[in-house]
Amino acid sequence: MQWLAGGGTMGAQIRSYDWSTSPLGSPETWPQDLHAVLRVMLSARFPVYIVWGPELITFYNDASLALRGNRPEALGHPLPQAWAEVWKVASPLVAQALRGKTAYIQDVPVDIVQRKGHSEETWWTASFSPIPNEGGKVGGVLIILQEVTERVLTEQRLRLLVDLSTRLRSVADARDVMATAAEMLGRHLKANRVGYYELSESGASFAVGSEWTDAVTPSLTGPYRVSDFGLLISQELKAGHTVRIDDVLTDPLTAEEAVAAEFLRIGKRAVIIAPLIRDGQQVACLYVHQTTPRHWREDEVTLVQEVAERTWTSILRARAETALRESEERFRQFGEHSADVLWILDAETMQMEYVSHAYERVWGRSLSEIQTRSQWIDSIHPEDRERADQATEAVLRGGTIVKEYRVVRPDGSMRHIHATVFPIFDEHGRVQRVAGIARDITQHDGSMVYVVDEDEGSRGELSLVLQGAGYQVNGFPSARAFLEVAPVVVPGSVVLRSYGPDGGELTLPRELKGRRTALPVIVVGEAHGDVNVGVQAMKAGAVDFLDAPYRSEQLLEAVASALASIHDLAERDQATDLVRARIAALSSREREVLDGLLAGGTNKTIARDLGISPRTVEAHRARIMERLEARSLPELVQIAIAAGLQASSPDRG
């Protein structure tokens, strides 16, 4: 077999294999096509398999050895029996290749057993190519493999963390924070039970307050003694170490019979417990339970730790916000309006009761300069003062106003303000306070375009075309440079010059898409007739792709289309702001009636819950519908839910 010299370990095994018992017979009788492709396979650095003949006799190279682990030898055996667990996935692809058509799969999950002594879920990209024989027919299949497990797991982990952060930002109650995080983590890990517990002040006991379980595993909600779960585990957690147990029957941490029995009693065969340490003390833990033995991957342990930290931060934030809502009732009415500058004016004294610190950044003035209504009027551009003053008077009469005006900063510069102003009523329906949300919209008109191009000359040409059309342009020499400032730039479109698949520029739209940033990206590049170039750009998150060379009109049309989406979003936000302001302007009793309506209550049930007459409920309901411009109860519910209110069951206690 001089034609098969070299080839490492598998080359030697092929040469020494007894082929006399194989359907292929002596290697000297093999077709020259098989000789050639075997030499190519043995020199490849990627894992490569060859299956040959009707029996699908298997060959593979040294790069494939690590994938096989401690399985029985597969060389010379049919592929279906040599690697049975992948045959379900590979079978239709091999069949397609045997018919003369190349097959390709990307990021396909495969459950593999015995590679590392335990079962594992992996992801693969592979091609299945027909190998012609001397007669021109298909003699076998060339299988080139690439394991992408690490990349897929990393992407899944990052996606979970991003989604978790997004979800938790909108959750106000600490218990709901725990429940949300537990469910998301449990479903991601395919675990049986996930939850949080907090330790008592003495540290001798803990209480499970909120958790998620699958449809079978019972809940652990309730109090427990720390000692029941073993001194060794308690010591690890107090030291800040995450506890990982693949099987309580074999792990040294649960070697005591009583401890193992307690774990098994409550359905904890495999666990991860991540402690939360604050000021040197253990305060809480996030736990993940499996009712059967499970080999926890290192990335799963790391993920549990990250989720624990992020969730605990959100829990503390939620508790602080709850305390603030309880002590500051007036902020409850417009706490959902997270705009730049928040202020409250006493309707009787015309004194400012509250102005947020953002005022100093937007107005360029100290908070001490905005004590009265007249001082606020003095900061407005002279041409806009009368209109702004009239708007405030309308609010004092009970109306809600959305307006724009200009303010003049001490340095002479101007800022354009989008303001929502609404009344806050007392229990008798009189205007007690005037509140407002002022948003700085200077340069936020959607005319900003960011040009990202590593070539200075090309960047200049693109900028000139866009500036000639009236756009404001800001240039960046790299995707990295733009991503560093992306979180703080004003809304606008991004024109990205791409110089091929190896340039790395497509990380920009991919990253912006992952951050859910409202910065539409237009990719400009040279496809050379290959539509896949544009497809890859769109998959990365671009809203459009321009194949160079292109006409200036095409670029301007693409930018205009991208910026139109920003305008549409701004209009929807403005409409939502107005509805939220009108809801915030309701009196306390009207808000209670609205909550009752959202919970599905009738006039009678709401009246009973609030201790008032059905006729009074009817009067409040009529005023609510008038202020929210709703023509029917279903429309009222739709308007309220669109503004962010949640339907909840009334307290019948």
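Residues numbered from 1 in each chain as written. Predicted model: local features only at pLDDT ≥ 70, side-chain atom pairs only at ≥ 80, totals over all residues. Heavy atoms only, no water.

(A) Inspection of the overall build of the chain at higher detail. Of regular secondary structure, the chain possesses 23 helices and 21 strands. Over its C-alpha atoms the chain spans a radius of gyration of 33 Å, topping by over 25% the 26 Å that the globule rule assigns to 653 residues. Principal-axis analysis of the C-alpha atoms places the extent of the chain at approximately 105 × 75 × 50 Å. When each of the 653 residues of the chain is scored for burial, the buried share is 45%. Relative to all contacts within the chain whose residues are 6 or more apart in sequence, the contacts with residues 24 or more apart total 55%. (Helix = DSSP H or I, 4+ residues; strand = E, 2+ residues; numbered from the N terminus. Rg over C-alpha atoms; globule rule 2.2 N^0.38 Å. Buried < 20%, exposed > 50% of the residue type's maximum accessible area, 1.4 Å probe, protein only. Contact = heavy atoms within 4.5 Å.)

(B) Main features of the packing of helix H21 (residues 603-610) against helix H22 (residues 614-627). Between H21 and H22, whose axes approach to 8 Å, the crossing angle comes to 105 degrees. Between H21 and H22, the crossing angle belongs to the class labelled roughly perpendicular. Contacts from Asn603, Lys604, Ile606 and Ala607 in H21 reach Pro614, Val617, Glu618 and Arg621 in H22. Considering only residue class, the contact of H21 with H22 consists of four nonpolar, one polar and three charged. (Axes fitted to C-alpha atoms, helices over the stretch in contact; angles between N-to-C directions. Parallel < 35°, antiparallel > 145°, perpendicular 65-115°, else oblique. Nonpolar A, V, L, I, M, F, W, Y, C, P; charged D, E, K, R; others polar.)

(C) Here's a closer look at a negative patch on the surface. Residues Glu454, Asp455, Glu456 and Glu461 make up a contiguous surface patch of negative charge. Given the relative accessible area of 63%, Glu456 is considered exposed. (Patch = residues over 30% accessible without salt bridge, like charges linked within 9 Å, V, L, I, M, F, W, Y side chains within 5 Å. Areas by Shrake-Rupley, 256 points an atom, 1.4 Å probe, with all protein chains shown as cover. Salt bridge = Lys/Arg side-chain N within 4 Å of Asp/Glu carboxyl O. Lys, Arg positive; Asp, Glu negative; His and termini not counted. Charge placed at Lys NZ, Arg CZ, Asp CG, Glu CD.)

(D) Representation of the nonpolar core within the structure. In this structure, Leu38, Ile50, Phe59 and Phe128 are the most contacted members of the largest nonpolar core, which totals 45 residues. Ignoring any residue separated from it by four or fewer positions in sequence, one finds Phe59 in contact with Ile14, Trp19, Leu24, Trp30, Leu38, Met41, Val48, Tyr49, Ile50, Trp52 and Leu75. Grouped together as the second largest cluster of nonpolar side chains are 33 residues, Leu160, Leu161, Ala182 and Trp312 included. (Core = buried A, V, L, I, M, F, W, Y, C linked by side-chain atoms within 4.5 Å.)

(E) Region of the structure containing the pattern of salt bridges. A complete count under the given rule lists 29 salt bridges for this structure. Linking Arg627 and Glu590 is a salt bridge whose minimum nitrogen-to-oxygen distance equals 2.9 Å. One end of the pair, Arg627, is in helix H22; the other, Glu590, is in helix H20 (residues 588-598), and 37 residues separate them in sequence. Each of the salt bridges in this network shares a partner with another, and the network as a whole consists of Arg294, Arg297, Asp299 and Glu300.

(F) Structural view of helix H5 (residues 84-98). Of all the bends in H5, the largest measures some 55 degrees and sits at Ala90, one to four residues before the proline Pro92. For H5, the set of buried residues is Val86, Ala90, Leu93, Val94 and Ala97. A positive phi of about 95 degrees marks Gly100, the residue just after H5. (Bend = angle between axes of the 7 residues up to and from the residue.)

(G) Representation of the side chain of Glu120 in the model. The topology assignment puts Glu120 in strand E4 (residues 120-132). By relative accessible area, Glu120 is classed as buried at 13%. Beyond its immediate sequence surroundings of up to four residues, Glu120 is in contact with Val110, Asp111, Ile112 and Arg115.

(H) The arrangement of the packing of aromatic side chains in detail. What the rule picks out here adds up to 17 aromatic pairs. Ring centres of Trp19 and Trp30 lie 5.0 Å apart, and the angle between their planes is 85 degrees; on these two criteria the pair is classed as edge-to-face. On the criterion of sequence distance, the pair formed by Trp19 in the loop between helix H1 (8-16) and helix H2 (32-43) and Trp30 in the loop between H1 and H2 is long-range, its members being 11 residues apart. As far as burial versus exposure is concerned, Trp19 and Trp30 are alike and both buried. Ring geometry for Tyr450 and Phe482: centres 5.3 Å apart, planes at 50 degrees, overall tilted. With Tyr450 in strand E17 (residues 448-452) and Phe482 in helix H16 (residues 479-485), this residue pair connects regions lying 32 residues apart in the sequence. Phe482 matches Tyr450 in its accessibility class, with the two residues each being buried. Connected via pairs of aromatic rings, a cluster forms that spans Tyr197, Phe206, Tyr224, Phe229, Phe263 and Tyr287. Above the ring of Phe263, the side-chain terminus of Lys268 is found at 4.1 Å from the ring centroid. (Phe/Tyr/Trp six-rings, centres within 6.5 Å; stacked < 30°, edge-to-face > 60°. Lys NZ or Arg CZ within 6 Å of the ring centre and 35° of its normal.)

(I) Spatial organisation of the sheet that holds strand E2 (residues 57-60). Strand order in the open sheet formed by five strands is E2-E1-E5-E4-E3, and the pairing between neighbours is antiparallel. The open sheet has two edge strands with one neighbour each: E2 and strand E3 (103-112). Here the average twist between neighbouring strands, direction ignored, is 30 degrees. Where H5 meets the sheet, its contacts fall on E3, E4 and strand E5 (138-147), and the angle it forms with E3 comes to roughly 165 degrees. (Pairing = 2+ DSSP bridges.)

(J) Fine view of the environment of Ala419. Tracing the backbone shows Ala419 in strand E15 (residues 414-425). Sequence separation between Ala419 and Glu198 is 221 residues; the distance between their C-alpha atoms is 43 Å. Dropping the residues within four chain positions of it, Ala419 is found in contact with Ile401, Val402, Lys403, Tyr405, Ile437 and Ala438.

(K) Representation of helix H9 (residues 257-265) in the model. Of all the positions in H9, only Val259, Ala260, Glu262 and Phe263 are classed as buried. Relative to the axis of H9, the buried residues are bounded by an arc of 160 degrees and lie together on one face. Away from the buried face of H9 by more than 90 degrees, exposed residues Glu257, Ala258 and Arg265 are located. Buried residues along H9 sit in contact with helix H8 (231-238) and strand E10 (270-278). The positive-phi residue at the C-terminal boundary of H9 is Gly267, with phi of around 75 degrees. (Arc of directions from axis to C-beta.)

(L) Region of interest: unusual backbone geometry. Looking along the chain, the bond that leaves Ala548 and enters Pro549 is cis, with omega of 0 degrees. If you trace the backbone, Pro549 turns up in the loop between strand E21 (544-547) and helix H19 (552-584). Even without a glycine there, the phi angle at Lys190 is positive, about 55 degrees. Mapping Lys190 onto the fold places it in the loop between helix H7 (174-189) and strand E6 (193-199). Judged by relative accessible area, which is 59%, Lys190 ranks as exposed. Phi angles above zero are rare outside glycine, and Met350 is one such case at about 60 degrees. In this fold, Met350 is placed in the loop between strand E12 (341-346) and strand E13 (352-355).

Just geometry here; none of it tells us what the structure is for.
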